[in-house]
Amino acid sequence: LLNKKVFVYLKKLQKAKVRTLLLSSSPDFLVRAVAKMLKIPTWKGISYKKGVESLGKREFLEAYIKKEGIPSKDVLAMADSLIDLPLL
């Protein structure tokens with residue numbers, strides 16, 4: 001489910017109290033389950049509910065850091081796909 005090196009790094013970040021988000025192009029019900037398992041409170045997946053507009057990963061992150069008052073220079077993003085280039 002998750003690369004062991006990534007899992008170890010995630011746990012180190014969480015131990016250091018670094019806010020962690022899980023943003024995925026997978027369906028929201030799957031992302032919710034993985035986020036719960038990894039103890040990541042803020043997550044975003046794709047919603048397939050009729051009439052629900054879903055923000056892209058970049059837009060979601062931009063809205064989150066603005067709401068939380070986090071300078072963009074303090075944000076680290078990791079990705080596993082070229083699709084994520086706009087996020088990076």
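Residues numbered from 1 in each chain as written. Predicted model: local features only at pLDDT ≥ 70, side-chain atom pairs only at ≥ 80, totals over all residues. Heavy atoms only, no water.

Enquirer: Any details on the nonpolar core? Residues and values, ideally.
Expert: Side chains that are nonpolar tend, in soluble globular proteins, to be buried together. Grouped together as the largest cluster of nonpolar side chains are seven residues: Leu23, Phe60, Leu61, Tyr64, Ile65, Ile70 and Leu87. Here this core takes four residues from helix 3 (residues 57-68), the largest share from any one element. Sequence-distant contacts of Leu23, defined by excluding residues within four places in its chain, comprise Lys44, Lys57, Phe60, Leu61 and Leu87. (Core = buried A, V, L, I, M, F, W, Y, C linked by side-chain atoms within 4.5 Å. Buried < 20%, exposed > 50% of the residue type's maximum accessible area, 1.4 Å probe, protein only. Helix = DSSP H or I, 4+ residues; strand = E, 2+ residues; numbered from the N terminus. Contact = heavy atoms within 4.5 Å.)

Enquirer: Before we move on, could you go through the side chain of Asp84 and cite the residues and values that matter?
Expert: Here Asp84 is to be found in the segment after helix 3. Residue classification places Asp84 among the buried residues on the basis of a relative accessible area of 5%. Here the side chain of Asp84 touches Lys57 through a polar contact of 2.6 Å, side chain to side chain. Sequence-distant contacts of Asp84, that is, excluding residues within four places in its chain, are made with Lys57 and Ala79. (Polar contact = N/O pair within 3.5 Å; in protein donor to acceptor, adjacent residues only side chain to side chain.)

Enquirer: So what's going on with helix 2 (residues 28-38)? Which residues, and what values?
Expert: Along helix 2, the positions that sit buried rather than exposed are Asp28, Val31, Ala35 and Leu38. Within helix 2, the buried residues cover an arc of 90° as seen down the axis, which keeps them to one side. Opposite the packed face of helix 2, turned more than 90 degrees from it, sit the exposed residues Phe29 and Lys36. At its buried positions, helix 2 is contacted by helix 1 (4-15), strand 1 (21-27) and strand 2 (42-46). Looking at the residues trailing helix 2, positive phi occurs at Lys39, about 60°. (Arc of directions from axis to C-beta.)

Enquirer: Quick one: what's the story with the pairing of strand 1, residue by residue and with numbers?
Expert: Across four bridges, strand 1 lies against strand 2 in parallel orientation. Note that in strand 2 the partner of Pro27 across the bridge is Ile46. In this fold, the crossover linking strand 1 to strand 2 by way of helix 2 has right-handed handedness. (Pairing = 2+ DSSP bridges. Right-handed = clockwise from strand over helix to strand, strands pointing away.)

Enquirer: So what's going on with the side chain of Lys57? Residues and values would help.
Expert: Within the secondary structure, Lys57 sits in helix 3. Using a relative accessible area of 16% as the deciding quantity, one classes Lys57 as buried. Discounting residues that sit within four places of it in the chain, Lys57 has contacts with Leu23, Ser24, Ser25, Lys44, Asp84 and Leu87.

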